[in-house]
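For reference, the chains in residue letters:
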There are 2 protein chains.
Amino acid sequence: MKRIYLDHAATTAVAKEVFQAMQPFFSEKYGNASSLYSLGREAKEAIEDSRAIAAKVIGAEPREIIFTSGGSESDNMVLRGIPEAGDHIITSAFEHHAVLHTCQALEKEGVKVTYLPVTKDGFVRTEDVKKAITKNTKLISIMHANNEIGTIQPIAEIGKICRESGVLFHTDAVQTYGKIPIDIKNIDFLSASGHKLYGPKGIGCLYMKSGVSLKPLITGGSQEHKMRAGTENAAGIVGFGKASELAMKNMGKEAAYETKLRDMLIDDVLRIEDSWLNGSRKNRLPNNTNLGFDYIEGESIILHLDIKGIAASTGSACSSESLTPSHVLTAIGLSPVKAHGSLRMTLGKDNTKEEINYVLGVLPGIVENLRKISPMKLARR
Amino acid sequence: MKRIYLDHAATTAVAKEVFQAMQPFFSEKYGNASSLYSLGREAKEAIEDSRAIAAKVIGAEPREIIFTSGGSESDNMVLRGIPEAGDHIITSAFEHHAVLHTCQALEKEGVKVTYLPVTKDGFVRTEDVKKAITKNTKLISIMHANNEIGTIQPIAEIGKICRESGVLFHTDAVQTYGKIPIDIKNIDFLSASGHKLYGPKGIGCLYMKSGVSLKPLITGGSQEHKMRAGTENAAGIVGFGKASELAMKNMGKEAAYETKLRDMLIDDVLRIEDSWLNGSRKNRLPNNTNLGFDYIEGESIILHLDIKGIAASTGSACSSESLTPSHVLTAIGLSPVKAHGSLRMTLGKDNTKEEINYVLGVLPGIVENLRKISPMKLARR
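Keep in mind the model is a prediction, meaning the values are calculated, not measured.

Draft legend 1. Looking closely at the pattern of salt bridges. Counting across every chain of the model gives 36 salt bridges over all chains. Linking lysine 338 of chain B and aspartate 294 of chain B is a salt bridge whose minimum nitrogen-to-oxygen distance equals 3.2 Å. Of this pair, lysine 338 of chain B sits in helix H11 (residues 336–339) while aspartate 294 of chain B sits in the loop between strand E10 (288–293) and helix H9 (298–307), and the two are 44 residues apart along the sequence. Judged by relative accessible area, which is 18%, aspartate 294 of chain B ranks as buried. One salt-bridge network, held together by shared partners, links Lys44, Glu48, Arg51 and Glu224 of chain A.

Draft legend 2. Up close: the environment of leucine 285 of chain B. Within the secondary structure layout, leucine 285 of chain B lies in the loop between strand E9 (275–277) and E10. Measuring from C-alpha to C-alpha, the distance between leucine 285 of chain B and leucine 347 of chain B comes to 10.0 Å, with 62 residues separating the pair along the chain.

Draft legend 3. The domain arrangement of chain A, seen in detail. Residue and element names in this part refer to chain A. One can read the domain layout of chain A as domain 1 (4–11 + 251–380) and domain 2 (16–246). If you average the C-alpha positions of domain 1 and of domain 2, the two centres end up 28 Å apart. Both faces considered, domain 1 and domain 2 share a buried interface measuring about 2500 Å² in area, 55% of it formed by carbon and sulfur atoms. At the junction of domain 1 and domain 2, the tally comes to 0 salt bridges. Counting every contact that joins domain 1 to domain 2 gives 16 residue pairs in polar contact (both at pLDDT 80 or more). If you list the elements that add at least two residues to the side of domain 1 that touches domain 2, you get helix H8 (234–269), strand E10 (288–293) and helix H10 (327–331). Residues belonging to the side of domain 1 that touches domain 2 are distributed by class as follows: 11 nonpolar, 14 polar and 6 charged.

Draft legend 4. Structural context of the interface of chain A and chain B. Each partner contributes to the interface: chain A provides 66 residues, whereas chain B provides 66 residues. Both faces considered, chain A and chain B share a buried interface measuring about 5200 Å² in area, 54% of it formed by carbon and sulfur atoms. Counting the contacts that link chain A with chain B gives 2 salt bridges. The closest approach of N and O atoms between aspartate 306 of chain B and arginine 41 of chain A, which form a salt bridge, is 3.6 Å. Between the two partners, chain A and chain B, sit 26 residue pairs in polar contact (both at pLDDT 80 or more). Secondary structure elements with two or more residues in the side of chain A that touches chain B: helix H1 (16–22), helix H2 (24–27), helix H3 (38–57), helix H4 (71–81), helix H5 (97–108) and helix H9 (298–307) of chain A. Broken down by element, the residue count for the side of chain A that touches chain B peaks at 5 residues, all from H3 of chain A.

Draft legend 5. Just the pairing of E10 of chain A, in detail. Along E10 of chain A, 6 of the 6 residues are buried, which leaves the element largely enclosed by surrounding structure. Burial along E10 of chain A is two-sided: Asn288, Asn290 and Gly292 of chain A and Thr289, Leu291 and Phe293 of chain A, pointing in opposite directions, are all buried.

Draft legend 6. Quick peek at the environment of lysine 112 of chain B. Residues and elements named next belong to chain B. By the secondary structure assignment, lysine 112 is in strand E4 (residues 112–116). Taking relative accessible area as the criterion, lysine 112 reaches 53% and is therefore assigned exposed. It is 4.6 Å that separates the C-alpha atoms of lysine 112 and histidine 88, two residues lying 24 residues apart in sequence. Residue contacts for lysine 112: discarding those within four places in its chain leaves Asp87, His88 and Ile89.

Draft legend 7. View of the relation of the copies chain A and chain B. After a rotation of 180° and a shift along the axis of 0.0 Å, chain A superposes on chain B with an RMSD of 0.0 Å. The operation mapping one copy onto its partner corresponds to a two-fold rotation axis. Within chain A, the C-alpha atom positioned nearest to the axis of rotation is that of serine 69 of chain A, 3.1 Å from it. Comparing interface residues between copies, 100% of those in chain A also sit at the interface in chain B, which points to an isologous, same-surface contact.

Draft legend 8. Summary view of the nonpolar core. With 123 residues, the main nonpolar core has Ile58 and Leu190 of chain A together with Ile58, Ile140 and Leu190 of chain B as its most contacted residues. The residues contacting leucine 190 of chain A, other than those within four sequence positions of it, are Ile58, His170, Thr171, Ala173, Tyr177, Ile182, Ile184, Cys205, Leu206 and Tyr207 of chain A. Listed in part, the 42 residues of the second largest apolar core include Val99, Phe189, Met208 and Ile218 of chain B.

Draft legend 9. Examining the confidence of the model for chain A more closely. On average, residues of chain A carry a pLDDT of 95, and 97% of them reach 70 or more. Scoring the predicted complex yields pTM 0.97 and, for the interface, ipTM 0.96.

Draft legend 10. Broad picture of unusual backbone geometry. Unusually for a residue other than glycine, tyrosine 198 of chain A sits at a positive phi of about 65°. Mapping tyrosine 198 of chain A onto the fold places it in the loop between strand E7 (189–193) and strand E8 (204–208). In this structure, tyrosine 295 of chain B is a non-glycine residue whose phi angle is positive, near 75°. A residue is classified by how much of its surface remains accessible, and tyrosine 295 of chain B, at 11% relative accessible area, is buried.

Draft legend 11. Structural context of the sheet that holds strand E12 (residues 342–346) of chain A. All names here are of chain A. What the 3 strands build is an open sheet, ordered E9-E10-E12; its pairing is antiparallel. Only two strands of the sheet have a single partner each, and these edge strands are strand E9 (275–277) and E12. When strand polarity is set aside, the average angle formed by the axes of neighbouring strands in this sheet is 25°. Summarising the sheet, E9 and E10 pair through 3 bridges and their orientation is antiparallel. By the bridge assignment for E10, leucine 277 is matched with leucine 291.

Draft legend 12. How the structure looks around helix H7 (residues 155–165) of chain B. Residue and element names in this part refer to chain B. Of the positions making up H7, those classed as buried are Ile155, Ile158, Gly159, Ile161 and Cys162. The arc that holds every buried residue of H7, seen down its axis, measures 160°, which confines them to one face. Along H7, the residues that are exposed and aim more than 90 degrees away from the buried face are Ala156, Lys160 and Glu164. The elements touched by buried residues of H7 are helix H6 (126–132), strand E5 (137–141) and strand E6 (168–172). Remark: glycine 166 follows H7 within two positions and exhibits a positive phi of approximately 70°.

Definitions and limits used
Along each chain, residue indices are assigned from 1 in the same order as the chain's sequence is written. Chain letters start at A and ligand numbers start at 1, both assigned in the order the entries are written. pLDDT decides what is reported in this predicted model: residues at 70 or higher carry local features, side-chain atom pairs at 80 or more are listed and counted, and totals for whole chains, interfaces and linings draw on all residues regardless. With hydrogens and water excluded, all non-hydrogen atoms of the structure serve as input to the side-chain values. A side-chain nitrogen of Lys or Arg and a carboxyl oxygen of Asp or Glu constitute a salt bridge if their distance falls within 4 Å. By definition, any uninterrupted DSSP run of H or I lasting at least four residues is a helix, any uninterrupted run of E lasting at least two residues is a strand, and each is numbered from the N terminus. For every residue, the accessible area obtained with a 1.4 Å probe (protein chains only) is divided by the maximum for its type, and the residue is called buried under 20%, exposed over 50%, and partly exposed between those limits. The domain limits used here are those given by an automatic or database domain assignment. The quantity reported as buried area is the accessible area (1.4 Å probe) lost by two parts once they are put together, taken as the sum for both. Polar contact is defined as a pair of N or O atoms within 3.5 Å, subject to the rule that within protein one atom must be able to donate a hydrogen and the other to accept it, and that residues adjacent in sequence are counted only when both atoms are side-chain atoms. All amino acids are sorted into three groups, where Ala, Val, Leu, Ile, Met, Phe, Trp, Tyr, Cys and Pro are nonpolar, Asp, Glu, Lys and Arg are charged, and the leftover types, Gly among them, are polar. Contacts: residue pairs with any heavy atoms within 4.5 Å of one another. When the copies are superposed, the least-squares fit takes in the C-alpha atoms of residues with a pLDDT of at least 70 in both. Think of a nonpolar core as a cluster: buried Ala, Val, Leu, Ile, Met, Phe, Trp, Tyr and Cys residues, connected wherever their side-chain atoms sit within 4.5 Å. pLDDT runs from 0 to 100 and stands for how confident the predictor is about each residue. Strands qualify as paired when DSSP identifies two bridges or more between them. To obtain each axis, a line is fitted to C-alpha atoms, and for helices this fit is confined to the stretch in contact; angles are then taken between N-to-C directions over 0 to 180 degrees. Read the arc as the range of directions from the helix axis to the C-beta atoms.

As structure tokens, this is what we get:
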């Protein structure tokens, strides 16, 4: 059976070159990077090489990169490491749960949080950011690109507003690091993850601008310049480095290729009646499609696509266990019923035109069949 | 050149069987475990299988195991997730830095901390624990075995005291999980790590007794029963599971084998004049030796052993970058000068008698040569 993977925003397969780079660090070069002997120093050097590459992807200095266990940890480091009770922070209503749920936890500890609304097209308005700043505002956290609908937020402008107001700026760049260019000039903190980038799971990094600091989330040994304790995950870090290197090398080419497939997919699916695209077509991630279908549930589409060998998602994998409608889709104004009818297909470098054609061949039939048995559709007759 | 690895308390090589179990989860079974389609469900099942094995090692229920990025994160979860400002916690003066430095951070946030002294032999006294408990005591954190000198703490008795006093009990079992039996009856939280156990780095777990809870350290997605957000590190978790399975199977045999090598090493090294053993010989980890030598520095021994192909340590790898003497050795009463002269050699399942004989052949010469050029020795003449 065909296996077509269209959920690259959830996770990606580790690239062959990445796995090859990691492999020696499991059973041969297994030294603890904090150890003094050769086996330890060897691991340390590999880690520092990866740090330099990770920094280069965003034009940072190696010392500004802190390796973490992934995007969620990086987000938590910033949100839990900066504001104190009484401080004010600003975020948006459609951030990733690693930001949103952490903000909710902070509220219980006395931090004031403003959740900015977003436009129907899926963007944070810079005027809203400006207006929300008070004298107690310590931190603003706005994602670079939304993980469900792929809209790219105006972080350059938001960063400028933060700089002018003396407020720290964090961006969750899990969906964009290594995929589209990022200018860190006015960014103080940036979260990235390995497994969205053909790297391994369980590794990520936090960019922290030189001169800025935070209270560490995990204390103990003096690893990562005392910002993140725990024996360095050398294999994971080397994998992150290799994935970053490949991403940097292929960035423009992959983005152009995926954009072509994306537009082909969107244009053709929108021929299905009572369907729509969630999020703007402009300023959208090259690999993201998020389509809505009236009368049916996204979950049923996913399961029928799975039977046909196609892996897709209704939204974020992080919330797939819950039955509440996507907070991203309700934030852009969809009713809960409409929000339940969404299908996210996110492309990757190895997807082919043939695969997209196969998907376009089976999807209309699935939608049609589900609508035939849909109580919502029947009720409307 | 020979390469003899005697630093198993710092980290271990990933066992062949562990690597083989992990391998498919990088580039084939790479699904996000929270995804609904087959590729995701496959990862989820493998994670749940590993959770069941990890639980079995300590006689726990699968739902009591939370996977984390390692021992330091597990320690931080408990210490930062339980006490509030005004609460009192009790720990010992020679805990791992992941506990000790975190307690110091908590003090700045208004948590009262008692650091219990330890005996010259390297043990926490249960009477001291009992006496330190006040009406505000919320948590007691005492490690199972010390990572530098290998002394096994009376956690069964301490657990009983905690239970009788209604105080929560945490133990850092990074050096003992899968290596010696653990009775969790009166333990509420237990930290374990994969890479001390022939598993990969960047993965560990926290045992949390059913009915007990804490404020999560990393919030976001609903992974790990909402106790630890972030896409599951499936390859790492599967590696942890396989390493746990092998450890459980070979526990008694490996412990007996390592004890024999350990005693051979200790007995022979102690023939060198002005040398001593740090920590009791009784209730000591099967694989731990920690020897002291007057007039010379441990670091110089390490580097000379490295030249001969032998990897050993002065103490904890986590503090090897710092020049302050080991807090463990000063806690058992050594002067800073004596504490600087220590050599930790920790054995593993693959070490052989021949390797130990080789070490015993070169070590006395290294000590003798270093003493010849030692200013401390010269000063004494």
